[in-house]
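# Examination of the molecular architecture
Read off the chains here:
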Amino acid sequence: MKTRKSCDEEVVIGKDNESQRWVRLIGFPEIIQGECRRLYGTIQDVTEQKRREEALWQSEEAFRNNFIHAGIGMALVATNGTWLQVNRTLCGMIGYAESELMKLTFQDITHPEDLDNDLILLNEVVEGKREHYQMEKRYFHKKGHIVHVLLSVSVVRNKYQSMKNFISQIIDISDLHEAQRKVTGLLRTSKDQNKELMKLQNQLTKANKVLKQENQTDPLTGLGNRRAFHLAINEVLSSRRYKPLGIAMIDVDHFKKYNDTYGHLEGDLVLKKLGNVLRRCVREQDTVIRFGGEEFSVIMPGSTLEESRVMAERVRQAIAEERFPNQGITVSIGVSSRSGEDDIDTLLKRADEALYDAKANGRNCVATELKNPGSDNNGS
Ligand SMILES: Nc1nc2c(ncn2[C@@H]2O[C@H](COP(=O)(O)OP(=O)(O)OP(=O)(O)O)[C@@H](O)[C@H]2O)c(=O)[nH]1
């Protein structure tokens, strides 16, 4: 009233915090003869509006503080890629001063191999297909080296929902990337080493197999040797499949004389050929062994004494009918068959005794074990 001017002010009324309110005072003085006689005006309660403004200010202040002091890189980026605002962490991460970075776009410092993917995703945000995207990408540091980052981009809109710019959060994952690279390298190396190890192991297994084979094979005839005989017998005895087990011991007749007459090498040829005849005569489940010298053996799983005798007779006949160089060859055969829980030695001893009998009976014949003649095991 004293100044005689109109007023428009916002003031606080009320005594304490709880009752205090903001009001807007608008007044016009009525001046008559230079004197202010009356005052027209309005008083509007603007407390809510004031509170909203305060909340907005506080939220902006919080965002600003977060942005500036964030431990990760943060930037506001224009839709054309220009940096609008960057924080200190981002500048430190890629080695640029704030003023230098503001003259660039994100495209300028992005690795060319990552740029297309980044632009595709950004475009999807511009087209409204997505509000946000995240990707791993590479920036070039000002000094030229690569910085691996995890980038998260969100759109910032104005109050009319139009796109204003983008806000980017950028985390330096170079250390993680390096660790990953080392782990991958180590895995590859250990994979290569494993491969090499497997190869060596395979070679070793093959070599062992060959060695084992050689260890159990008679080099002259290619038949199993005495070692193979014991392994084969043990295998049969440990299996419950075949209860009866026939053994034939086969010995060449007058072989000394053959050797003396035609020479040892010719004798070898006879032994070789005998091996082939034996192989030809036996069944699939039987095993032919060169027991030693001019002595062979046939293991007949599942064969009773009589079945073994029949088999032995077939062998004897086949050999007697076979054409050998120089002269015909005959063999004497002793047969035994497992009865009860006979062990190998007992079985062999009985077959040997039968062989002795065959020789004594004039050779070129088959004799069966004499002991326990009634023990022909029929497998039941
Ligand atoms: N060529 C050759 N002869 C062998 C081999 N092993 C053993 N002999 C011979 O086989 C002969 C066996 O002779 P003997 O044990 O007297 O028996 P045999 O002359 O066959 O007489 P009987 O068995 O009684 O019919 C010996 O002359 C041995 O040298 C071999 O690998 N090669």
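This text follows the structure it describes.
Let us look at the structure shown here. This one's a predicted model, so the numbers in the text were calculated from it and none came from an experiment.

This part covers the overall build of the protein chain. On a plain count of helices and strands, the protein chain comes out with eleven helices and 13 strands. For the protein chain, with 380 residues in total, the buried portion stands at 36%. Looking at the protein chain alone, contacts between residues at least 24 apart form 52% of all its contacts between residues at least 6 apart.

Now for the pairing of strand E2 (residues 21–32). One ladder, built from seven bridges, connects strand E1 (residues 7–13) with E2; its direction is antiparallel. When the bridges of E2 are listed, Glu 10 appears paired with Arg 24. One ladder, built from ten bridges, connects E2 with strand E3 (residues 35–45); its direction is antiparallel. Residue pairing in the sheet places Glu 30 in a bridge with Arg 38 of E3.

Turning to empty space enclosed by the protein, a few remarks are in order. Scanning the entire structure with this criterion turns up one cavity of 30 Å³ or more. The volume enclosed by the largest cavity comes to roughly 70 Å³. Every residue along the wall of the largest cavity is listed here: Val 77, Trp 83, Phe 106, Asp 118, Leu 122, Tyr 133, Lys 137, Tyr 139, Leu 151, Val 153, Phe 166 and Ser 168. Contributions of two or more residues to the lining of the largest cavity are made by helix H5 (112–126), strand E6 (132–140), strand E7 (146–157) and strand E8 (163–172). In terms of residues, the lining of the largest cavity owes the most to one element, E6, which gives three residues. In terms of residue class, the lining of the largest cavity is built from nine nonpolar, one polar and two charged.

With that out of the way, let us pick up the pattern of salt bridges. For the coordinates displayed, the defined rule picks out 26 salt bridges. For Arg 157, the salt bridge goes to Glu 131, with nearest N and O atoms at 2.8 Å. Of this pair, Arg 157 sits in strand E7 while Glu 131 sits in the loop between H5 and E6, and the two are 26 residues apart along the sequence. Owing to a relative accessible area of 28%, Arg 157 belongs among the partly exposed residues under this scheme. One salt bridge connects Lys 349 with Glu 353, and the closest N-O pair in it is separated by 3.5 Å. Note that Lys 349 and Glu 353 are positioned in helix H11 (residues 344–360) at a spacing of four residues, about one turn of the helix. Looking at Lys 349, the relative accessible area reads 49%, which means it is partly exposed. Residues joined by salt bridges that share partners form a network here, namely Glu 10, Lys 50 and Glu 53.

Attention shifts here to the packing of helix H8 (residues 255–262) against helix H9 (residues 264–281). Where H8 contacts H9, the two axes come as close as 6 Å, and the packing angle between them is 130 degrees. Relative to H9, the element H8 lies oblique. Residue-level contacts link Phe 255, Tyr 258, Asn 259 and Tyr 262 of H8 to His 264, Glu 266, Gly 267, Val 270 and Leu 271 of H9.

Turning our eyes to something else, we now look at helix H7 (residues 226–238). Helix length check: H7 (13 residues) gives 18 Å between terminal C-alpha atoms against 18 Å at 1.5 Å per residue, within 8%. Residues of H7 that are buried include every one of Ala 228, Phe 229, Ala 232, Ile 233 and Val 236, and no others. End-on, the buried residues of H7 take up no more than an arc of 130 degrees, which puts them together on one face. Seen from the open side of H7, the exposed residues pointing more than 90 degrees away from its buried face are Glu 235 and Ser 238.

On the basis of which strands lie adjacent, the open sheet formed by five strands has the order E10-E11-E9-E12-E13 and mixed pairing. Strands at the two margins of the open sheet, each flanked by one partner only, are strand E10 (287–292) and strand E13 (366–368). Across the sheet, the axes of successive neighbouring strands diverge by a mean angle of 20 degrees, strand direction being ignored. By the bridge criterion, five bridges tie E10 to strand E11 (residues 295–301) in an arrangement that is antiparallel. Paired with Ile 289 across the two strands is Ser 297, which belongs to E11. Against the sheet, helix H10 (residues 305–321) engages strand E9 (245–252), E11, strand E12 (331–337) and E13, with an angle of about 165 degrees to E12.

Neighbouring residues of the ligand: 16 residues in total, closest His 254, Phe 255, Asn 259, Asp 268 and Arg 290. One of the backbone nitrogen or oxygen atoms of Val 252 is found 3.2 Å away from an oxygen atom of the ligand. Between the ligand and the protein, one listed contact pairs an oxygen atom with a backbone N or O atom of Lys 256 at 2.8 Å. For the ligand, the protein covers 67% of the area, taking 660 Å² as the surface of the free molecule. For the shell around the ligand, the leading source of residues is H9, giving four residues. Grouping the amino acids of the shell around the ligand by side-chain chemistry returns three nonpolar, five polar and eight charged.

Here is what the cut-offs are and how they apply
Residue positions are counted from 1 within each chain, in the order its sequence is given. Only residues with pLDDT of 70 or above have their local features reported here, since the model is predicted, and side-chain atom pairs are shown and tallied only from 80 upward, although totals for entire chains, interfaces and linings are computed over all residues. No hydrogens and no water enter the side-chain calculation; it runs on all heavy atoms of the structure. Under the scheme used here, helices are H or I runs from DSSP no shorter than 4 residues and strands are E runs no shorter than 2 residues, and both carry numbers assigned from the N terminus. Throughout, exposure labels follow a simple rule: accessible area from a 1.4 Å probe, protein chains only, divided by the maximum for the residue type, with under 20% read as buried, over 50% as exposed, and the rest as partly exposed. Here a residue-residue contact requires only that any non-hydrogen atoms of the pair lie within 4.5 Å. In this scheme, strands are said to pair when DSSP sees at least two bridges between them. Cavities and pockets were defined on a 1 Å grid built over protein atoms only: a cavity is a set of grid points that admits a 1.4 Å probe from which the probe cannot escape, a pocket is an open set flanked by protein on both sides within 12 Å along at least five of seven lines, and lining residues are those with an atom within 4 Å of any such point. Grid points are joined across faces, edges and corners, and a volume is the space filled by probe spheres set on the points. Residues are grouped as follows: Ala, Val, Leu, Ile, Met, Phe, Trp, Tyr, Cys and Pro are nonpolar; Asp, Glu, Lys and Arg are charged; all remaining types, including Gly, are polar. Each reported salt bridge corresponds to a side-chain nitrogen of Lys or Arg within 4 Å of a carboxyl oxygen of Asp or Glu. Axes, fitted as lines to C-alpha atoms, cover a helix only where it is in contact. Angles between the N-to-C directions of the axes lie from 0 to 180 degrees. Convention used here: angles under 35 degrees read as roughly parallel, angles over 145 as roughly antiparallel, angles from 65 to 115 as roughly perpendicular, and any remaining angle as oblique. To estimate the expected span of a helix, count its residues, drop one, and scale the result by 1.5 Å. Taking the helix axis as origin, the arc is that swept by the directions to the C-beta atoms. One heavy atom within 4 Å of a molecule or strand is enough for the residue carrying it to be called near that molecule or strand. Between N or O atoms, a polar contact is any pair within 3.5 Å; within protein, one atom must be a potential hydrogen donor and the other a potential acceptor, and residues adjacent in sequence are included only when both atoms are from side chains. Here the Shrake-Rupley method, with its probe set to 1.4 Å, supplies the accessible areas, and only the displayed protein chains count as covering residues.

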